[in-house]
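# Reading the structure
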Number of protein chains: 2
Amino acid sequence: MARPREFDEAAALDAAIECFWTRGYEATSVRDLAERMGITGASLYNAFGDKHALFRRALDRYSERGTTARIARLEGQVPPRQAIETVLRDIIEESLRDTARKGCLVINSALEVAPHEPDCRQAVADRLGRIEAFFCRAVAAGQADGTITPVLPPEDVARNLLAVLLGIRVMARVQPERELFEGMLRSALTLLGPVTPAAG
Amino acid sequence: MARPREFDEAAALDAAIECFWTRGYEATSVRDLAERMGITGASLYNAFGDKHALFRRALDRYSERGTTARIARLEGQVPPRQAIETVLRDIIEESLRDTARKGCLVINSALEVAPHEPDCRQAVADRLGRIEAFFCRAVAAGQADGTITPVLPPEDVARNLLAVLLGIRVMARVQPERELFEGMLRSALTLLGPVTPAAG
DNA sequence: CGTGTTTTAGATCGAACGATATAAAACACA
DNA sequence: TGTGTTTTATATCGTTCGATCTAAAACACG
């Protein structure tokens, strides 16, 4: 019983994601956002509240469609070792295609926004915790079915895999290089043991 | 043959480092900087040029006294394996004491500033490249004297160690936890092989 | 076809931004 | 003790910031 929205909220959020992703939170102005979202400043404030609330919406939307979503699709569908490797290889390829050096919005926000905003910090910590937990479950599953060596605790292997993921995301914003990324991954995969567990 | 400086440039730069380190580049205003540096805006611009030039000076000064300096002091003085472990353990302890979640200025700048400013990107890439090169030299030296297993190429081990360093620095800004940091390190050190190479 | 409600567009708010102009103050050198 | 030069302090400069006001436009409902 009122005038309807003239813009697609999802598309507008995608445009906001693009802005925050590329330039960061502080360097993105509300005028930048409104222009890229194809709406006026008044509509932006009417629909989303303020800049910070819009950022939270953008961060949440990005999170739902990022690595966490890929993990949900892979886990249980492919063997654990392959799931781990696929997640990290996809991030490597994405980072090498990322000529604008956007990196990952969650991890960019981890450094720029999270330390000063408790709710963003919680959201970022939650996402990274889920990734670490996935790695841990996958390693444990691989150890259970014999495809991953049980000499290391799955928690520690998962932490190294998380470090590799974070390392790739950081270097993607500075100097994306295939050999660097694949070297990080190769050594981490060594922690899983030989690919085919040679029986005797 | 003129009026002398009334402020200590080094101390002023330290104050500027503190500002950029804690709040980041964009969120730090020139007025914040001048106040913390104990000088007026006019003196700041007269002495340093503009905000970006001051940031570069601060980043350079920080870099000279950070991990790179510690590496220079350790390398050649202690066994390679111990040098690697000391560097990373120091970063872990520093991160756990870092209640303000400042992390590392170089890596914070890697995400916020480097993608958009070629000269900062070059400076950051140079610093991280030096750290990776140190890890590589240390692993190679350890392999040469038999204290590090030669089954992995030193380049790849160095890349994983760099990823662990970056991972610690990222998580230090979000959620510093000893078990996470030490788990990253433990698994990376596994790549070096057993501490005492058991003969037969 | 009014009435009520929300969204739109455009103008603009006060505050803060990076940076500068001006002139007095503090030195080196003659 | 003048002269030249740099640094200092104060008061801004014009711009942009995040956010809001006003009123017209667009719908649902009666």
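Residues numbered from 1 in each chain as written. Chains lettered and ligands numbered in written order. Predicted model: local features only at pLDDT ≥ 70, side-chain atom pairs only at ≥ 80, totals over all residues. Heavy atoms only, no water.

A few words on the overall build of chain A. Helix and strand counts for chain A stand at 10 helices and zero strands. Counting from the amino terminus, chain A carries its helices and strands in the arrangement α-α-α-α-α-α-α-α-α-α. The C-alpha extent of chain A, read off along each of the three principal axes, is 75 × 40 × 30 Å. Burial statistics for chain A: of 200 residues in total, 54% are counted as buried. In chain A, the proportion of contacts linking residues at least 24 apart, taken out of those at least 6 apart, comes to 70%. Of the roughly 9,000 Å² of accessible surface on chain A, a fraction of 51% belongs to carbon and sulfur atoms. (Helix = DSSP H or I, 4+ residues; strand = E, 2+ residues; numbered from the N terminus. Buried < 20%, exposed > 50% of the residue type's maximum accessible area, 1.4 Å probe, protein only. Contact = heavy atoms within 4.5 Å. Areas by Shrake-Rupley, 256 points an atom, 1.4 Å probe, with all protein chains shown as cover.)

Turning next to the relation of the copies chain A and chain B. Of the two same-sequence chains, chain A is brought onto chain B (RMSD 0.0 Å, axial shift 0.0 Å) by a rotation of 180 degrees. The transformation relating the two chain copies, once decomposed into turn and shift, fits a two-fold axis. Both copies share a contact surface, since 100% of the interface residues of chain A are interface residues in chain B too. (Least-squares fit on C-alpha atoms with pLDDT ≥ 70 in both.)

We now examine the packing of aromatic side chains. In the structure shown here, the tally under the stated rule is 10 aromatic pairs over all chains. Seen from their ring centres, Trp21 of chain A and Tyr62 of chain A are 4.9 Å apart, and the 75 degrees between their planes marks the pair as edge-to-face. Of the two residues, Trp21 of chain A is situated in helix 1 (residues 9-23) and Tyr62 of chain A in helix 4 (residues 51-65); the sequence distance between them amounts to 41 residues. Judged by centre distance (4.9 Å) and plane angle (85 degrees), the rings of Phe20 of chain B and Phe55 of chain B are edge-to-face. Taken together, the residues Phe20 of chain B in helix 1 (residues 9-23) and Phe55 of chain B in helix 4 (residues 51-65) connect sequence positions 35 residues apart. The class for Phe20 of chain B is buried, based on a relative accessible area of 1%. Here the aromatic residues Phe20, Tyr25 and Phe55 of chain A are joined through ring pairs into a cluster of three or more. The lysine or arginine in question, Lys51 of chain B, covers the ring of Tyr25 of chain B, its NZ or CZ lying 4.4 Å from the ring centre. A cation over a ring is seen here: Lys102 of chain B above Trp21 of chain B, with NZ or CZ 4.0 Å from the ring centre. (Phe/Tyr/Trp six-rings, centres within 6.5 Å; stacked < 30°, edge-to-face > 60°. Lys NZ or Arg CZ within 6 Å of the ring centre and 35° of its normal.)

Residue and element names in this part refer to chain A. Relative to each other, helix 7 (residues 105-112) and helix 8 (residues 118-145) sit at 130 degrees, their axes nearing to 10 Å. When the interaxial angle is binned, helix 7 and helix 8 end up oblique. Regarding helix 7 and helix 8, the two cross each other, and that crossing is left-handed. Contacts between helix 7 and helix 8 involve Val106, Ile107, Ser109 and Ala110 on the former and, on the latter, Val124, Arg127 and Leu128. Across the contact of helix 7 with helix 8, the residue classes tally to five nonpolar, one polar and one charged. (Axes fitted to C-alpha atoms, helices over the stretch in contact; angles between N-to-C directions. Parallel < 35°, antiparallel > 145°, perpendicular 65-115°, else oblique. Left-handed = near helix turned anticlockwise from the far one by under 90°. Nonpolar A, V, L, I, M, F, W, Y, C, P; charged D, E, K, R; others polar.)

Below, the discussion takes up the protein's contact with DNA strand D. By nearness alone, 23 residues border DNA strand D, and Val30 and Tyr45 of chain A together with Ala2, Glu6 and Asn46 of chain B come closest of all. Sugar and phosphate atoms form 65% of the subset of DNA strand D atoms that lie within 4 Å of the protein. One nitrogen or oxygen atom from the main chain of Val30 of chain A is found 2.8 Å from a phosphate oxygen belonging to DNA strand D. One of the side-chain nitrogen or oxygen atoms of Tyr45 of chain A is found 3.0 Å away from a phosphate oxygen of DNA strand D. When contributions to the surface near DNA strand D are tallied by element, the ones reaching two or more residues are helix 2 (30-37) of chain A together with helix 3 (41-48) of chain B. Examining the composition of the surface near DNA strand D, we find that three residues originate from one element, helix 3 of chain B, more than from any other. Broken down by class, the residue content of the surface near DNA strand D amounts to 10 nonpolar, five polar and eight charged. (Near = heavy atom within 4 Å. Polar contact = N/O pair within 3.5 Å; in protein donor to acceptor, adjacent residues only side chain to side chain.)

The next point concerns the UniProt feature "domain: HTH tetR-type" (unreviewed entry) in chain A. When the UniProt feature table is mapped to this numbering, "domain: HTH tetR-type" (unreviewed entry) covers residues 6-66 of chain A. For residues 6-66 of chain A, the end-to-end C-alpha separation is 28 Å, with 75% helix and 0% strand making up the annotated structure. (UniProt positions renumbered as here; feature names shortened; annotations may be inferred.)

Attention shifts here to the domain arrangement of chain A. Residue and element names in this part refer to chain A. Under the domain assignment used here, chain A contains domain 1 (9-61) and domain 2 (66-190). Relative to domain 2, the C-alpha centre of domain 1 lies at a distance of 27 Å. With 13 residues of domain 1 at the contact, the number on the domain 2 side is 16 residues. Between domain 1 and domain 2 the total buried area reaches about 1,200 Å² when both faces are included, carbon and sulfur atoms providing 59% of it. (Domains from an automatic or database assignment. Buried area = accessible area lost by both parts, 1.4 Å probe.)

Here we come to the side chain of Glu112 of chain A. As for its position among the elements, Glu112 of chain A is in helix 7. This buried residue, Glu112 of chain A, is left without a salt bridge; Arg173 of chain A holds the nearest opposite charge, at 6.5 Å. (Lys, Arg positive; Asp, Glu negative; His and termini not counted. Salt bridge = Lys/Arg side-chain N within 4 Å of Asp/Glu carboxyl O.)

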